[in-house]
Amino acid sequence: MRTDIAKAFEELPLNIKEHLNTLGAESLGWLDRYLSADEEVLALSSAAATSDSPNSCLFAITRKRLIFVAPAPQAVGWRLSTIKRSQSFSGYFFVEGDAGDYSPGMDSTWGQTFEAKVKQAIAMAVLAGE
């Protein structure tokens, strides 16, 4: 696994690591194999297609984008500076921006922490002129 992804993975709570090691392993593999080497992963989260489906997907925060990866394979990336809304609420993570509006499922306890990480990354990207 890439060093940046491994570091972000190690910072996760145990239950989110378990999601990514089991049902989310294919999505994590896609991210590891195909994300451009010059795009550093800062944070990760497991995710689900809906709030009641398995956590087989993931979100990754880089300095430029919020990326959603599903095992279909599917990948959607929002430029951080274009995100109009990012919110964790009732087992969903809502995101609206240049790549469209999505509301995948996310662990409700971890979602609040991940929301704060996304908002911090957005502020940093805007200030950097990304």
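Now for a look at the structure at hand. All values derive from a computational prediction rather than experimental measurement. (Residues numbered from 1 in each chain as written. Predicted model: local features only at pLDDT ≥ 70, side-chain atom pairs only at ≥ 80, totals over all residues. Heavy atoms only, no water.)

## A look at the nonpolar core
Basically, it comes down to this: We define a nonpolar core as any set of buried Ala, Val, Leu, Ile, Met, Phe, Trp, Tyr and Cys residues linked to one another through side-chain atoms lying within 4.5 Å. Only protein chains enter the accessibility calculation, which uses a 1.4 Å probe. A residue is then buried if its area is under 20% of the maximum for its type, exposed if over 50%, and partly exposed in between. Under the scheme used here, helices are H or I runs from DSSP no shorter than 4 residues and strands are E runs no shorter than 2 residues, and both carry numbers assigned from the N terminus. Any two residues whose heavy atoms approach within 4.5 Å are treated as being in contact.
Counting residues in hydrophobic clusters, the biggest one holds 36 residues, and the most contacted among them are Leu31, Leu44, Phe59, Leu66 and Phe114. Counting residues per element, this core draws most heavily on helix α4 (residues 108–128), which supplies six residues. Among all residues touching Leu31, those that are not within four sequence positions of it are Ile5, Val41, Leu44, Leu58, Ala60 and Val69.

## A few points about the packing of aromatic side chains
For clarity, the threshold we go by: Paired rings are identified among Phe, Tyr and Trp, the last through its six-membered ring, by centres lying within 6.5 Å, and are further divided according to the angle between planes into stacked (under 30 degrees), edge-to-face (over 60) and tilted (the rest).
Taken as a whole and judged by the stated rule, the model has eight aromatic pairs. Where Phe93 meets Phe114, the ring centres are 5.5 Å apart and the plane angle is 65°; that geometry is what we call edge-to-face. Of this pair, Phe93 sits in strand β6 (residues 92–97) while Phe114 sits in helix α4; the two residues are 21 residues apart in sequence, bridging distant segments of the chain. The residues Phe93 and Phe114 share a single accessibility class, namely buried. Grouped by ring-pair contacts, the aromatic residues Phe59, Phe68, Trp78, Phe93, Tyr102 and Phe114 constitute a single cluster.

## Describing the pairing of strand β5 (residues 85–89)
As a reminder of what qualifies: Pairs of strands are assigned from DSSP output, requiring at least two bridges between the strands.
Of the two faces of β5, the one lined by Ser86 and Ser88 is fully buried and the one lined by Arg85, Gln87 and Phe89 carries no buried residue. The pairing of β5 with β6 spans five bridges and is classified as antiparallel. Following the sheet pairing, Gln87 is matched in β6 by Phe94. Once β5 ends, the chain turns through two residues before running back antiparallel as β6, passing Ser90 with a positive phi of about 50°.

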